[in-house]
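So you can see what is in the structure, the chains are spelled out below.
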Amino acid sequence: MAYVLVTDGIKEDGLQPLLNESTIQCDIGSLNEFSDRLDQYEALLVRSATKVTAEVLNQMPNLKIVARAGVGVDNIDLDAATKRGVIVVNAPDGNTISTTEHTFAMMASLVRNIPQGTSSLKSGKWMRKDYVGTELYGKTLGIVGMGRIGTELSRRARAFGMNVAVFDPFLTNDRAQKLDVESVEFDHLLDVADIITVHTPLTDKTRGLLNEETIARTKKGVFLINCARGGIIDEKALIPYLESGHIGGVALDVFESEPPEHNHPLLGYDQVIVTPHLGASTKEAQLNVAAQVADEVLYFLQDKPIRNAINLPGFSKEEYEKIKPYYELTRKMGSILSQCMKSAVNLVEVSYAGKLTELDTAILTRNLMASFLKSRLDTTVNEVNAPSIARERGITYGEKHSSETHGYSNLISVTVQGDKEAFSLQGTYIKEYGDRITQLNGFDIDFHPQGHLLYIQHNDRPGVIGNVGKVLGEHEINIATMQVGRKTAGGEAIMMLSFDSELPKNIEETLESVQDIVKVEQIGGV
Ligand SMILES: NC(=O)c1ccc[n+]([C@@H]2O[C@H](COP(=O)([O-])OP(=O)(O)OC[C@H]3O[C@@H](n4cnc5c(N)ncnc54)[C@H](O)[C@@H]3O)[C@@H](O)[C@H]2O)c1
Ligand SMILES: O=C(O)CC[C@@H](O)C(=O)O
């Protein structure tokens, strides 16, 4: 039975895939309510209220996946999760339309004083002169961050006859042209926009993007909107410009601290309209994000591919199908390399050739590194934390795509480099034969990496192979397969033997005492 905890009132209708699964027990409530059982959960589903801190992760030693029913993962300590090997997934597009529509509604309300008019009329006044608005038609909307929401918003703004100027360092000219928007530098956007709306994540680069200095550059009467993350617009910086009348109005759905204090200075200004982080609060969005994360968690618990991991390279189902056969091969190669090269390693180089160059191989390299490190360390290592663990241990690794296929349709070549020695391995996947190791430390060889293996380096002399057979026979060890390889007659040679069962621990020493044998390594668990 897998235990899953669902918090923050994630919409139950969307959780059906998890609730209907007989091998999963889903508890619904808060971390506090289930504090005596936190150690049993493998999956945790949250919206934004639950703070998944390093401390919470420590209280959940069995946790393997945190799923955020929404986009922003700023309530999750990603570094701590990654270090622990906990996968973090989100629901990246389930609430895009709702948040776009909310932003648009905020913009329309802001320029036409709708909230102010509503409360004034409800308080018994009829103030038509005070609430003269501004048309959207013909105005320039400045969008900072042209991702999912920025893009959807630009379409709606164009439909309203607005000009759209966009700043996003990752936006290509081609895409800007297709979307019929003008891609501009940030300073230019500040100069030309009548309304500025931010749709970036909150990062070190975007925190305080609109601050005292940058707001000073904006047009007099500018309207500012933040339905992304509190802090992208510096709240304090707004005050002098609201006082002076430079800013025409501000619409905020998000705040630096949520909820904002009831005497928050911005709440006192009539030109400031606010909603309590309602961007994603529609029936449709909540159903979408709940269903998206429920599917992801279910797939994960069933060992199926997940698509929206934040701390793993993402790939589609189609890509996964293509990558699957090489996944097992890279796992085995990592394990063999780690066991053959017992000394300290400071560099791992992975090269992909043939069909593999058409794929996103980053996940394969992570898998290989995880398997390589796992054989050496006594901590949880997986594709998520392999990069940070390698860094911590001073191991640099990299991958490249190469044209050297050596006649195979696909080929993975790995070299691990230490201070004094290096070790290399090549492997391929052949549909009819499965995974094969085709070269080991420069020796051509061909074996299926499976079961208990013995790697022997020796001098190419008559009788060595017979002596190995004799020693193993004396220990009643039955050889399943044997492969030999050499570079030149009478020079260095290797043997790779496989066995049906585990070998005695001391067999390496016994074999190393045989004449002309240079080195023996047992390779287990492949
Ligand atoms: N109010 C809500 O309820 C609500 C709901 C959903 C999303 N959000 C927030 O909205 C924001 C946007 O969401 P999205 O789904 O469009 O994200 P997204 O990842 O699709 O888009 C973000 C865009 O910002 C751009 N960007 C990053 N750094 C930038 C920088 N320094 N300057 C300019 N552009 C930069 C990226 O290139 C990307 O195109 C996020 O902060 C998300 O958390 C809020
Ligand atoms: O859970 C929510 O309603 C907030 C969602 C939103 O901020 C997000 O980042 O997806």
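Computed from a prediction, not measured in an experiment: that's the story for all the values here.

Definitions and cut-offs
- Residues numbered from 1 in each chain as written.
- Chains lettered and ligands numbered in written order.
- Predicted model: local features only at pLDDT ≥ 70, side-chain atom pairs only at ≥ 80, totals over all residues.
- Heavy atoms only, no water.
- Pairing = 2+ DSSP bridges.
- Helix = DSSP H or I, 4+ residues; strand = E, 2+ residues; numbered from the N terminus.
- Axes fitted to C-alpha atoms, helices over the stretch in contact; angles between N-to-C directions.
- Contact = heavy atoms within 4.5 Å.
- Buried < 20%, exposed > 50% of the residue type's maximum accessible area, 1.4 Å probe, protein only.
- Polar contact = N/O pair within 3.5 Å; in protein donor to acceptor, adjacent residues only side chain to side chain.
- Near = heavy atom within 4 Å.
- Areas by Shrake-Rupley, 256 points an atom, 1.4 Å probe, with all protein chains shown as cover.
- Phe/Tyr/Trp six-rings, centres within 6.5 Å; stacked < 30°, edge-to-face > 60°.
- Expected span 1.5 Å × (residues − 1).
- UniProt positions renumbered as here; feature names shortened; annotations may be inferred.
- Core = buried A, V, L, I, M, F, W, Y, C linked by side-chain atoms within 4.5 Å.
- Nonpolar A, V, L, I, M, F, W, Y, C, P; charged D, E, K, R; others polar.

Strands belonging to one sheet form pairs held by backbone hydrogen bonds; the direction of such a pair is parallel or antiparallel. Spatial ordering of the open sheet is given by 2-1-3-4-5, a layout of five strands whose pairing is parallel. Edge strands, defined here as strands with exactly one partner in the open sheet, are strand 2 (24-28) and strand 5 (87-90). For this sheet, the mean angle separating the axes of adjacent strands, direction not counted, is 20 degrees. Sheet topology places strand 4 (residues 65-68) next to strand 5; four bridges connect them, and they run parallel. When the bridges of strand 5 are listed, Arg68 appears paired with Asn90. The sheet strands contacting helix 11 (residues 283-301) are strand 1 (2-6), strand 2, strand 3 (41-46), strand 4 and strand 5, and the helix crosses strand 4 at an angle near 165 degrees.

Turning to the environment of His199, a few remarks are in order. Topologically, His199 is positioned in the loop between strand 9 (195-198) and helix 9 (212-216). Residue His199 is classed as buried on the basis of its relative accessible area of 11%. The spatial distance from the C-alpha of His199 to the C-alpha of Asn62 is 35 Å, given a sequence separation of 137 residues. A distance of 2.7 Å separates the side chain of His199 from the side chain of Thr197, its partner in a polar contact.

Around ligand 2 lies a shell formed by Arg47, Arg68, Gly70, Val71, Gly72, Asn95, Arg229, His277 and Ala280. Between ligand 2 and Arg68 there is a distance of 3.3 Å, counted from an oxygen atom to a side-chain nitrogen or oxygen. Contacts to ligand 2 include Val71, whose backbone N or O atom sits 2.5 Å from an oxygen atom. Out of a free accessible area of 300 Å², ligand 2 has 92% covered by protein chains.

Here the structure, examined in full by the defined rule, presents five aromatic pairs. Relative to Tyr41, the ring of Phe34 has its centre 6.4 Å away and its plane inclined at 90 degrees; by these criteria the two rings are edge-to-face. Residues Phe34 and Tyr41 agree in their burial class; the two are buried. For the pair Phe167 and Phe186, a centre-to-centre distance of 5.5 Å together with 45 degrees between the ring planes defines the contact as tilted.

We now examine unusual backbone geometry. Residue Pro259 is reached from Glu258 by a cis peptide bond, and omega for that bond is -10 degrees. Structurally, Pro259 is set in the loop between strand 11 (247-252) and strand 12 (272-274). The phi angle at His406 is positive, at roughly 50 degrees, despite the residue not being glycine. The residue His406 is located in the loop between strand 14 (396-402) and strand 15 (410-417) in this model.

For the rest of this paragraph, the subject is helix 13 (residues 362-374). Helix length check: helix 13 (13 residues) gives 18 Å between terminal C-alpha atoms against 18 Å at 1.5 Å per residue, within 8%. Across the 13 residues that make up helix 13, a large majority, 11, are buried. Buried residues of helix 13: Ile363, Leu364, Thr365, Arg366, Asn367, Leu368, Met369, Ala370, Ser371, Phe372 and Leu373, and no others.

On to the UniProt feature "domain: ACT" (unreviewed entry) in the chain, then. UniProt annotation of "domain: ACT" (unreviewed entry) refers to residues 453-525 when read in the numbering used here. Secondary structure over residues 453-525 splits into 23% helix and 41% strand, and the C-alpha atoms at its two ends are 9 Å apart.

This part takes up the side chain of Thr103. Tracing the sequence through the fold places Thr103 in helix 4 (residues 96-111). Look past the residues within four positions of Thr103 in its chain and what remains in contact with it is Leu153, Thr197, His199, Ile225 and Cys227.

Among the nonpolar cores identified, the biggest contains 70 residues, and Leu18, Leu45, Ile87, Val348, Leu373, Ile412 and Leu440 are the most heavily contacted of them. Discounting residues that sit within four places of it in the chain, Leu373 has contacts with Val381, Ala386, Ile389, Ala390 and Ile395. In this structure, Val184, Leu224, Ile247 and Val272 belong to the second largest nonpolar core, which totals 29 residues.

All right, on to the site of ligand 1 then. The full set close to ligand 1 counts 24 residues, and Arg148, Ile149, Asp168, Phe170 and Thr200 are the nearest of them. Contacts to ligand 1 include Gly147, whose backbone N or O atom sits 3.3 Å from an oxygen atom. Within the contact set of ligand 1, an oxygen atom lies 3.3 Å away from a side-chain nitrogen or oxygen of His277. For ligand 1, whose accessible area on its own is 870 Å², the fraction buried by protein is 87%. In terms of residue class, the shell around ligand 1 is made up of 10 nonpolar, 10 polar and four charged.

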